[in-house]
6 protein chains.
Amino acid sequence: MAVTAPVTDDQATGRVAEIFADIRKTRGTDFINNFWRALAVDEDLLERTWTELKQVMLMPGDIDPLTKEMIYIGVSVANGCSYCVHSHTAAATAKGMSAKMHGELLSVIALAGKTNQLAESLQVPVDDAFMK
Amino acid sequence: MAVTAPVTDDQATGRVAEIFADIRKTRGTDFINNFWRALAVDEDLLERTWTELKQVMLMPGDIDPLTKEMIYIGVSVANGCSYCVHSHTAAATAKGMSAKMHGELLSVIALAGKTNQLAESLQVPVDDAFMK
Amino acid sequence: MAVTAPVTDDQATGRVAEIFADIRKTRGTDFINNFWRALAVDEDLLERTWTELKQVMLMPGDIDPLTKEMIYIGVSVANGCSYCVHSHTAAATAKGMSAKMHGELLSVIALAGKTNQLAESLQVPVDDAFMK
Amino acid sequence: MAVTAPVTDDQATGRVAEIFADIRKTRGTDFINNFWRALAVDEDLLERTWTELKQVMLMPGDIDPLTKEMIYIGVSVANGCSYCVHSHTAAATAKGMSAKMHGELLSVIALAGKTNQLAESLQVPVDDAFMK
Amino acid sequence: MAVTAPVTDDQATGRVAEIFADIRKTRGTDFINNFWRALAVDEDLLERTWTELKQVMLMPGDIDPLTKEMIYIGVSVANGCSYCVHSHTAAATAKGMSAKMHGELLSVIALAGKTNQLAESLQVPVDDAFMK
Amino acid sequence: MAVTAPVTDDQATGRVAEIFADIRKTRGTDFINNFWRALAVDEDLLERTWTELKQVMLMPGDIDPLTKEMIYIGVSVANGCSYCVHSHTAAATAKGMSAKMHGELLSVIALAGKTNQLAESLQVPVDDAFMK
């Protein structure tokens, strides 16, 4: 179903093999999901994207890793990215999202989706209090 | 710039006046932002939306209020709702989002937006490991 | 605020002038809204779009004109087209959409927006009963 | 393919069982589509969404039920919700949408999608005549 | 998985058969992809869409055919149209898009998706220098 | 109208000042548009985004710079990013996009937007011929 066939381990050489090794080492698992295997059709794109993901999602910051995953899910739902909803829901669950938290996440996304449409339907003018 | 003129306090009567009073009481401020004034063109819609917002965003749960606001922002950005980005960034700031957290939030949203497009461009097949 | 300056009546010549005349005659008003003045930067695009709009929105069919306008608004809200929400809400009102109908339209759009996000969040599999 | 396994009748207890019963009774059919089974992972979310759907789509109003379904389809297409396009096209057909009406619906959605992009491409300024 | 069953050659009569013949002749291949077979549920819609595609994509202009396909892919990715990403990536490849160009195309789409979200997140005001 | 006030030259220090200097040098102009001034609220985000833009848009590749700008516009229109449509239409014009090319670009974007909605409305199944 893919536009380009994902790169298998046998096909991975040079920089692609190095990045696959770094993904495995960083995540502590042998599993490499299809997203990275698909991106490997372009070495520069693969490297740039993996480097950014490590910086944004894995380096310690002031937003905790699970919260980041839930924000990621929210954006991916609204952008209609089926693959990303699957992979980041799995990631959030692995980082401790309970069934109850998942339900609350869904409720926030649903409410946001609803009020987004309402504000757009009514073309609500931004209040002066929100301007900078 | 609005599609319908927002309802002023003078125009608010009956159920609309009651909901405006509840918004003020619940939030502890006299300020009612334009979204609710615009929604007031339909009493049922106003009541349903305010009731849902109170349940989802204000009732204690397992996701903290600031995290909910940041998820809300992520969804609103991806849905392109200018009004909602303004109002919920203000809400997140009021609930303690620092400039550093804002920068991290922007970085997660940007990365998600980017990988959403990539997964869609490549039509990456969902890994068996993510299926239920 | 436009990307290209809208074409004024003075600037309209040849085919553009003919189409502006047809818009006025077809609609029975001297007013030509900015959308057509902006499209006039490309004669072919202007003609193709106006011809399609006449066929789809103005020729008698099995869906009545007001219903078509409300569908148009729903699509435009979800696509985030501010201009189109304004112009088609005005058109729907001109064709008889009451304040009560507007409230119901908003309620349907809001519910659809909400359930769209939920079905996407949960990646709900399409039921066999809905397949052809 | 789902993110969470849909709740079967055997698994449905308490409030979920009650809502499933209400769905069956309200619709006059034993069939419960996957959307509700997926939402059942969170009782509050299930109840809130079903209650809203009953109020918005099933209570008599000034917009007829078939028109509401066609607006729902338009929003769902623009939001890219595959599941919702399937389920609401089935619902519209059940409520009397003919093949000819379906063709007209598609034509309006296509035209709206096209002009939405054009107005966005050209950043057409909203006419004063459309402002309130 | 379709909402309506695609029209087979056996089922194609009258105007539909004529358009199918024109598609084959214009493209120099016997293959007619599912998009046109699905659109054939409405003769007017089929004819209008095929005529527009011939004018926009196949008539000589100042943008070359491969560039048009790459723009088409970019729009289709952002609109989340899985079918269109598949069919137009195939078309671009047939028109000479190399693996290296595909990688660069993906990089531009990814960057645009990212900066689109950032500009929306920050509600960046349009510079005077960009206004007309 | 911004969510955060753009960083002025006077406020730019350290790494932000260095990146502003690099933007000026790379582009050969003193003008720095609001996007970069807004991003400067987070140094890491500013640096990562500018570095990526230089690599993707400015380094020589197999897709020429003007084509990249037109793809960028297509994505930005579909994502509904008003700021990006303005800034990249200006960039495309500066790189040689004529009025005729702009008209053709608009026609491709409009057609893609239309057929995206149609393929989604009909849930057209991807042809085997397009699968890998």
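Residues numbered from 1 in each chain as written. Chains lettered and ligands numbered in written order. Predicted model: local features only at pLDDT ≥ 70, side-chain atom pairs only at ≥ 80, totals over all residues.

Visitor: How should helix α6 (residues 99-122) of chain F be read in this particular structure?
Guide: Each α-helix winds once per 3.6 residues, and so residues spaced three or four apart point in a common direction. Residue and element names in this part refer to chain F. Relative to the 34 Å expected for 24 residues at 1.5 Å per residue, α6 spans 35 Å between its end C-alpha atoms, a close match to the ideal helical length. Across the 24 residues of α6, 21 count as buried, placing the element largely inside the fold. Immediately downstream of α6, the backbone of Q123 shows phi near 50 degrees, a positive value. (Helix = DSSP H or I, 4+ residues; strand = E, 2+ residues; numbered from the N terminus. Expected span 1.5 Å × (residues − 1). Buried ≥ 20, exposed ≤ 12 C-beta atoms within 10 Å, placed from the backbone.)

Visitor: Just to check I follow, could you spell out unusual backbone geometry for this structure?
Guide: The phi angle of most residues is negative, glycine excepted, and most peptide bonds adopt the trans form. Residues and elements named next belong to chain A. One non-glycine residue with positive phi stands out, namely Q123, at about 50 degrees. Along the chain, the position of Q123 falls in the segment after α6 (99-122). Take Q123: there are 23 C-beta atoms within 10 Å of it, and that puts it in the buried class.

Visitor: Sorry if this is basic, but what is going on with the domain arrangement of chain A here?
Guide: When the parts of a complex come together, some accessible area is lost, and that lost area is often taken as the interface size. Domain parsing of chain A yields domain 1 (1-59) and domain 2 (62-124). One C-alpha centre belongs to domain 1 of chain A, the other to domain 2 of chain A, and the line joining them spans 24 Å. (Domains from an automatic or database assignment.)

Visitor: I would appreciate a short explanation of the interface of chain B and chain A in the present structure.
Guide: The interface of chain B with chain A comprises 59 residues on the first partner and 59 residues on the second. Every element with two or more residues in the side of chain B that touches chain A is listed here: α2 (34-39), α3 (43-58), α4 (65-78), α5 (82-94) and α6 (99-122) of chain B. For the side of chain B that touches chain A, the element with the most residues is α6(B), which contributes 16 residues. Across the side of chain B that touches chain A, the residue classes break down as 34 nonpolar, 18 polar and seven charged. (Contact = placed C-beta atoms within 7 Å. Nonpolar A, V, L, I, M, F, W, Y, C, P; charged D, E, K, R; others polar.)

Visitor: Any chance you could explain the relation of the copies chain B and chain A here in plain terms?
Guide: Think of it as a corkscrew move, a rotation about one axis and a shift along it, taking one chain copy to the other. The two copies are related by a screw motion: chain B maps onto chain A through a turn of 180 degrees and a shift of 0.0 Å along the axis, at an RMSD of 0.0 Å. Here the two chains are linked by the operation of a two-fold rotation axis. Residue by residue, 100% of the interface of chain B is reproduced at the interface of chain A, so both copies engage with the same surface. (Least-squares fit on C-alpha atoms with pLDDT ≥ 70 in both.)

Visitor: Please clarify how the environment of H86(A) should be interpreted in this entry.
Guide: The residue H86(A) is located in helix α5 (residues 82-94) in this model. Residues H86(A) and T49(A), 37 residues apart in the sequence, show an inter-C-alpha distance of 19 Å. Among all residues touching H86(A), those that are not within four sequence positions of it are V126(B), F130(B), Q123(C) and V3(D).

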